[in-house]
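Close look at the chain arrangement
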Amino acid sequence: MSEGATKGMSRRGLLAGLGAGAVAAGAAGAARAGGTPDPAIVEKQDWQQFLGDGVASRPYGKPSRYEAHVVKRDVEWLTAGRESSVNFTPLHELDGIITPNGLCFERHHAGIAEIDPAKHRLMINGLVEKPLVFTMDDIRRMPRTNRIHFLECAANSGMEWRGAQLNGCQFTHGMIHNVMYTGVPLKVLLDEAGLRPAARWIMVEGGDASAMNRSIPIEKALDDCLIAFKMNGEALRPEQGYPLRIVVPGWEGNMWVKWLRRIEVGDQPWHAREETSKYTDLLADGRSRRFTWIMDAKSVVTNPSPQAPLRFRGPNVLTGIAWSGRGAIKRVDVTLDGGRNWRPARLDGPVLPRSVARFYVDFDWQGEEMLVQSRAVDDTGYVQPTKAELRAVRGVNSIYHNNGIQTWLVRGNGETENVEIS
Amino acid sequence: MSRFRSAAVAATLVLLAGTGAEAGKLGLGREALPEEVAAWDIDVRPDGQGLPPGRGSVRQGEAIFLEKCAICHGEFGEGAGRWPVLAGGQGTLKGASPEKTIGSFWPFASTVFDYIRRAMPFGQAQSLTDDEVYALTAFLLSMNDVVKDDFVLSRETFRSVKLPNEGAFYMDDRETTERSFWKADPCMTNCKQTVEIVGRARVIDVTPDDKDKSLKVE
């Protein structure tokens, strides 16, 4: 398909084509079977005849021009301005478990800080034997480790608490990414400063113009938190906290402070703005849960989905992702009939704790209407609840931690829509 | 030769030092100077830890608020455009449109001081003096009917301030209140008789759109 054809083809046009019989067996496929030579084979293409760009033309590389539609998107009406806003990972365009760095969703509170690493400092102060200042060179000389973890915004799917609202898993579930972080265990840094006996909490603080701060209990800090400087092998992207961020495995993304410049050790939590006015869960009785850090088990079918309709009858691949902040994904079940019957999906690729897992169901589709759902189970036995089960406990004022089961309606023409079912 | 051996011994000692378990054994980083800690140590806790010397009145705060804050938050903290509402909202938390302001929702006044000091005004963070932060905090507390109009906030008077919603917060209890989400054997076959569609995103239709409408379900 040429660039022009891709760009010019609206989804409506595509679906109209499908409705006219393309779905049946694939019009192009039928023509080929009938004996008309395929121009993609019998006509010489530019790229098979003329020289392409040399090795110096793309020194950092970039995706094919034909993938230009694979981008993060934002929802303009969500926030007052773009500097304190969020965009969304195009989950329906990805596969495997690793999110490419350029497609990791972003959440900023004062825009992207562009920090010179030579001028970046990390300070540890408070209840320590010796307050310390580290340069990036210091940090790169410390023992380091590699961990694959998901980072999910606590507000992911938050727009769906009161009902189905957005057509696209990019918007309903795209505030998540999953990358391999390289960094120094936070414990190494805290040991270097020496914790005093009264140390119970740390506060992490960003060096950007929001000076984002969150409190983390010392047990978590010493357990599996990392001070990361690489993601998927390359330096953190500026929009992901270059040159330094904290990784808080399995816990809500807001705690993963970017552009990390300071860690204060204390005996009490700080009750910062992000853990009082935000990221507390208002329940129906008017009271609020606080320090709801863990992201519960959750999954979503990414294909088919509203931005990725079914295009062909016959063999098809259903796929999606599942994750749990409590541990590793043990199983994912999928239903095609709105939850009457379920089948275990096939997990493929690494299944790691506090990481996204990839699942597949290979199925045959003959144009029947389907109500598609996925249900994640983690190794603690937690089963992803239905939206109704969640609302029964939490009401609809919660905003955060909506991990309810998602439903896609796949119509006879392959068009797919975000719906809720009984 | 002996000089070479000494160098090897020294290198071994360095390696051993690097693997030690005692605090500071890596020897990386340097001690932070007091003035460096002071320059960055801006956080304030509910118990008042971190509050700097200084003071500010409601009246002083009002003048600063009108000059530097009202453009986003409205003259009475009612919010402009979609920028945050800071005052009002009492009695709305159980309703269909909860308004989570300093007075109706926030548990601690320290959060107001801490957040203004670190992040406000939006786009000119950390440009306010400590006295200005005290004054702005006092003004916001008065707009939320937490203090009287003649109140002066300082490190000394801070402890007298209590926000009304503090008692409504409790620790995460999902592992008990949502215990039913841990299920031994979730249903796999004939789990329900009928299925009805009860909601559709297209009814609300707020999905961001391509220019060519390609994302829109029609």
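To be clear, the structure that these remarks concern was listed above.
Within chain B one finds eight helices and five strands. Across chain B, helices and strands are ordered from the amino to the carboxyl terminus as α-β-α-β-α-α-α-α-β-β-α-β-α. Burial statistics for chain B: of 218 residues in total, 39% are counted as buried. When contacts within chain B are restricted to residue pairs at least 6 apart in sequence, those whose partners lie at least 24 apart make up 53%. Total accessible area computed for chain B in this model is approximately 12,500 Å², and 54% of it derives from carbon and sulfur atoms.

A few words now on the sheet that holds strand β3 (residues 121–126) of chain A. Read from one edge of the open sheet, six strands run β8(A)-β7(A)-β12(A)-β3(A)-β4(A)-β1(B), paired in mixed fashion. Two strands in the sheet have a free side with no partner beyond their single neighbour: β8 (213–217) of chain A together with β1 (30–31) of chain B. With two bridges joining them, strand β4 (residues 132–135) of chain A and β1 of chain B adopt antiparallel strand pairing. Within β1 of chain B, the position partnered with V133 of chain A by the bridge is R30 of chain B.

Okay, the pairing of strand β9 (residues 226–231) of chain A next. Residue and element names in this part refer to chain A. Within β9, five of the six residues are buried, leaving the element largely enclosed by the surrounding structure. One ladder, built from five bridges, connects strand β6 (residues 176–185) with β9; its direction is antiparallel. What sits directly across from P185, in β9, is L226. Pairing of β9 with strand β11 (residues 245–247), which is carried by three bridges, proceeds in the antiparallel orientation. Counted as the bridge partner of A228 is R245 from β11. Bridge count for β9 against strand β10 (residues 234–235) is two bridges, and the pairing is antiparallel. When the bridges of β10 are listed, M231 appears paired with E234. Counting the residues in the hairpin turn of β9 and β10 gives two residues, including N232, whose phi is positive at 50 degrees.

A few words now on the side chain of E275 of chain A. Residue and element names in this part refer to chain A. With respect to the helices and strands, E275 occurs in the loop between β12 (260–266) and β13 (281–282). Looking at E275, its side chain comes within polar contact range of the main-chain nitrogen of H271, at 3.1 Å. Excluding residues within four positions of it along the chain, E275 makes contact with R214, S215, W270, T280 and F291.

According to the stated counting rule, one finds 14 aromatic pairs over all chains in the structure shown. Taken together, a centroid distance of 5.7 Å and an interplanar angle of 55 degrees make the contact between Y181 of chain A and W256 of chain A tilted. Of the two residues, Y181 of chain A is situated in strand β6 and W256 of chain A in the loop between β11 and β12; the sequence distance between them amounts to 75 residues. Each of the two residues, Y181 of chain A as well as W256 of chain A, counts as buried. It is R287 of chain A that lies over the ring of Y170 of chain B; its NZ or CZ is 4.3 Å from the centre. Taking NZ or CZ as reference, K100 of chain B lies 5.0 Å from the ring centre of F105 of chain B, over its face.

Conventions and cut-offs
- Residues numbered from 1 in each chain as written.
- Chains lettered and ligands numbered in written order.
- Predicted model: local features only at pLDDT ≥ 70, side-chain atom pairs only at ≥ 80, totals over all residues.
- Heavy atoms only, no water.
- Helix = DSSP H or I, 4+ residues; strand = E, 2+ residues; numbered from the N terminus.
- Buried < 20%, exposed > 50% of the residue type's maximum accessible area, 1.4 Å probe, protein only.
- Contact = heavy atoms within 4.5 Å.
- Areas by Shrake-Rupley, 256 points an atom, 1.4 Å probe, with all protein chains shown as cover.
- Pairing = 2+ DSSP bridges.
- Polar contact = N/O pair within 3.5 Å; in protein donor to acceptor, adjacent residues only side chain to side chain.
- Phe/Tyr/Trp six-rings, centres within 6.5 Å; stacked < 30°, edge-to-face > 60°.
- Lys NZ or Arg CZ within 6 Å of the ring centre and 35° of its normal.

Everything listed here is a matter of geometry and, on its own, says nothing about what the molecule does.
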